[in-house]
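Spelled out from the first residue to the last, the chains are:
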Amino acid sequence: AQKVTQAQTEISVVEKEDVTLDCVYETRDTTYYLFWYKQPPSGELVFLIRRNSFDEQNEISGRYSWNFQKSTSSFNFTITASQVVDSAVYFCALSDPNAGNNRKLIWGLGTSLAVNP
Amino acid sequence: DAGVIQSPRHEVTEMGQEVTLRCKPISGHDYLFWYRQTMMRGLELLIYFNNNVPIDDSGMPEDRFSAKMPNASFSTLKIQPSEPRDSAVYFCASSTRANTEAFFGQGTRLTVV
């Protein structure tokens, strides 16, 4: 069965530290998508990145970077030089191949990141 | 673009009352999703539509929940009768045919007392 595990429930860092949020997934399908979303204290869910299973290139966007490794079924997210505004709950999600069109997502329970000044 | 718009932002109602949540997706998006978020169960997909047609409603908890999408720019999620265990944040999201990522509204925080 498909599953997404975010083992870190809460992380607390001091501003300017680097922090990595872990995401491990389980799927039997060969074609799937992985996502990261951010939920700041205001409550909305903000899309950060989508990665398809055939693209294992790492991605960097400003202070954010993502490391996708199919060999370990992981899709980890690193924030470099963290800032207070990065404080949020971060969710990793996997598309459910049985649902058709990869529209149905299986969500991790989230990692709550607190960046302290 | 205004993004996905949900109303109301907050709703407090008494047990047994009917509750209607509303959503306007991003213009041009073909898919619309209703999610529920609670501390206990996290994010759950309730139902999603493609071109106004319900595709998968397997996440709808029970017959008290219903969702409609009468046109491409409007959807409702109705709970009748409401129960305290329905208290949660309900999100609406939409996506295009080409891309699988969904864009979320700000959510409706529902409290049933």
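Residues numbered from 1 in each chain as written. Chains lettered and ligands numbered in written order. Predicted model: local features only at pLDDT ≥ 70, side-chain atom pairs only at ≥ 80, totals over all residues. Heavy atoms only, no water.

1. Overview of the nonpolar core
Then, number 1: Among the nonpolar cores identified, the biggest contains 24 residues, and Trp-36, Phe-77, Tyr-90 and Leu-113 of chain A are the most heavily contacted of them.
Then, number 2: Listing elements by their share of this core, those giving two or more residues are strand S2 (10-14), strand S3 (19-21), strand S5 (33-39), strand S8 (64-69), strand S9 (74-79), strand S10 (88-95) and strand S12 (111-116) of chain A.
Then, number 3: Sequence-distant contacts of Leu-113 of chain A, defined by excluding residues within four places in its chain, comprise Ile-11, Val-13, Val-19, Ile-79, Asp-86, Ser-87, Ala-88 and Tyr-90 of chain A.
Then, number 4: In this structure, Val-4, Ile-26, Trp-34 and Tyr-90 of chain B belong to the second largest nonpolar core, which totals 21 residues. (Core = buried A, V, L, I, M, F, W, Y, C linked by side-chain atoms within 4.5 Å. Buried < 20%, exposed > 50% of the residue type's maximum accessible area, 1.4 Å probe, protein only. Helix = DSSP H or I, 4+ residues; strand = E, 2+ residues; numbered from the N terminus. Contact = heavy atoms within 4.5 Å.)

2. Examining the environment of Leu-113 of chain A
Then, number 1: With respect to the element layout, Leu-113 of chain A can be found in strand S12.
Then, number 2: Sequence spacing of Leu-113 of chain A and Val-19 of chain A is 94 residues, and the spatial spacing of their C-alpha atoms is 9.1 Å.

3. Thoughts on the interface of chain B and chain A
Then, number 1: Contacts between chain B and chain A engage 24 residues on the former and 20 residues on the latter.
Then, number 2: Together chain B and chain A conceal approximately 1,800 Å² of surface at their shared face, both sides included; 52% is due to carbon and sulfur atoms.
Then, number 3: Linking chain B to chain A there are two salt bridges.
Then, number 4: Note that Arg-50 of chain A and Glu-101 of chain B form a salt bridge whose closest N and O atoms lie 3.2 Å from each other.
Then, number 5: Where chain B packs against chain A, one counts five residue pairs in polar contact (both at pLDDT 80 or more). (Buried area = accessible area lost by both parts, 1.4 Å probe. Salt bridge = Lys/Arg side-chain N within 4 Å of Asp/Glu carboxyl O. Polar contact = N/O pair within 3.5 Å; in protein donor to acceptor, adjacent residues only side chain to side chain.)

4. Things to note about the packing of aromatic side chains
Then, number 1: Using the criterion set out here, one finds 23 aromatic pairs over all chains in the structure.
Then, number 2: An angle of 65° between the planes, with centres 5.8 Å apart, marks the rings of Phe-47 of chain A and Phe-103 of chain B as edge-to-face. Of this pair, Phe-47 of chain A sits in strand S6 (residues 46-52) while Phe-103 of chain B sits in strand S10 (residues 103-104), each in a different chain.
Then, number 3: Looking at Phe-103 of chain B, the relative accessible area reads 35%, which means it is partly exposed.
Then, number 4: Seen from their ring centres, Trp-66 of chain A and Phe-77 of chain A are 4.9 Å apart, and the 5° between their planes marks the pair as stacked. Of this pair, Trp-66 of chain A sits in strand S8 while Phe-77 of chain A sits in strand S9, and the two are 11 residues apart along the sequence.
Then, number 5: In this structure Trp-66 of chain A comes out as buried when scored by relative accessible area, which is 4%. (Phe/Tyr/Trp six-rings, centres within 6.5 Å; stacked < 30°, edge-to-face > 60°.)

5. Notes on the pattern of salt bridges
Then, number 1: Across all of its chains, the model carries 13 salt bridges over all chains by this definition.
Then, number 2: Linked through salt bridges whose partners overlap, the residues forming this network are Glu-62, Arg-64, Glu-83, Arg-85 and Asp-86 of chain B.

6. Topic: the sheet that holds strand S3 (residues 19-24) of chain B
Residue and element names in this part refer to chain B.
Then, number 1: In spatial order, the strands read S1-S3-S8-S7; together these four strands make up an open sheet with antiparallel pairing. With partners counted over all chains shown, the strands left at the sheet margins are strand S1 (5-7) and strand S7 (65-71), one partner each. Neighbouring strand axes in the sheet, compared pairwise and without regard to direction, differ in orientation by 15° on average.
Then, number 2: With five bridges joining them, S3 and strand S8 (residues 74-79) adopt antiparallel strand pairing. Directly across from Val-19, in S8, lies its bridge partner Ile-79. (Pairing = 2+ DSSP bridges. Axes fitted to C-alpha atoms, helices over the stretch in contact; angles between N-to-C directions.)

7. As for the state of the cysteines
Then, number 1: Taken as a whole and judged by the stated rule, the model has two disulfides over all chains.
Then, number 2: In this model, Cys-23 of chain A is linked to Cys-92 of chain A through a disulfide, with the two sulfur atoms separated by 1.9 Å. Disulfide Cys-23 of chain A-Cys-92 of chain A: the torsion about the S-S bond is -65°, which places it as left-handed. Of the two residues, Cys-23 of chain A is situated in the loop between S3 and strand S4 (24-26) and Cys-92 of chain A in strand S10; the sequence distance between them amounts to 69 residues.
Then, number 3: Residue Cys-23 of chain A is classed as buried on the basis of its relative accessible area of 0%.
Then, number 4: Each sulfur of the disulfide joining Cys-23 of chain B and Cys-92 of chain B lies 1.9 Å from the other. (Disulfide = S-S within 2.5 Å.)

8. Quick look at unusual backbone geometry
Residue and element names in this part refer to chain B.
Then, number 1: A cis amide bond links Ser-7 with the next residue in sequence, Pro-8, at an omega value of -10°.
Then, number 2: Structurally, Pro-8 can be placed in the loop between S1 and strand S2 (10-13).
Then, number 3: At the junction of Gln-80 and Pro-81, the peptide bond is cis and its omega measures out at -5° in the coordinates.
Then, number 4: Tracing the backbone through its elements, the reader meets Pro-81 in the loop between S8 and strand S9 (88-95).
Then, number 5: Positive phi outside glycine occurs at Asn-51, with the angle close to 50°.
Then, number 6: Tracing the chain through its elements places Asn-51 in the loop between strand S5 (42-50) and strand S6 (53-56).
Then, number 7: For Asn-51, a relative accessible area of 47% corresponds to the partly exposed category.

By themselves, these figures tell us nothing about what the structure is for.
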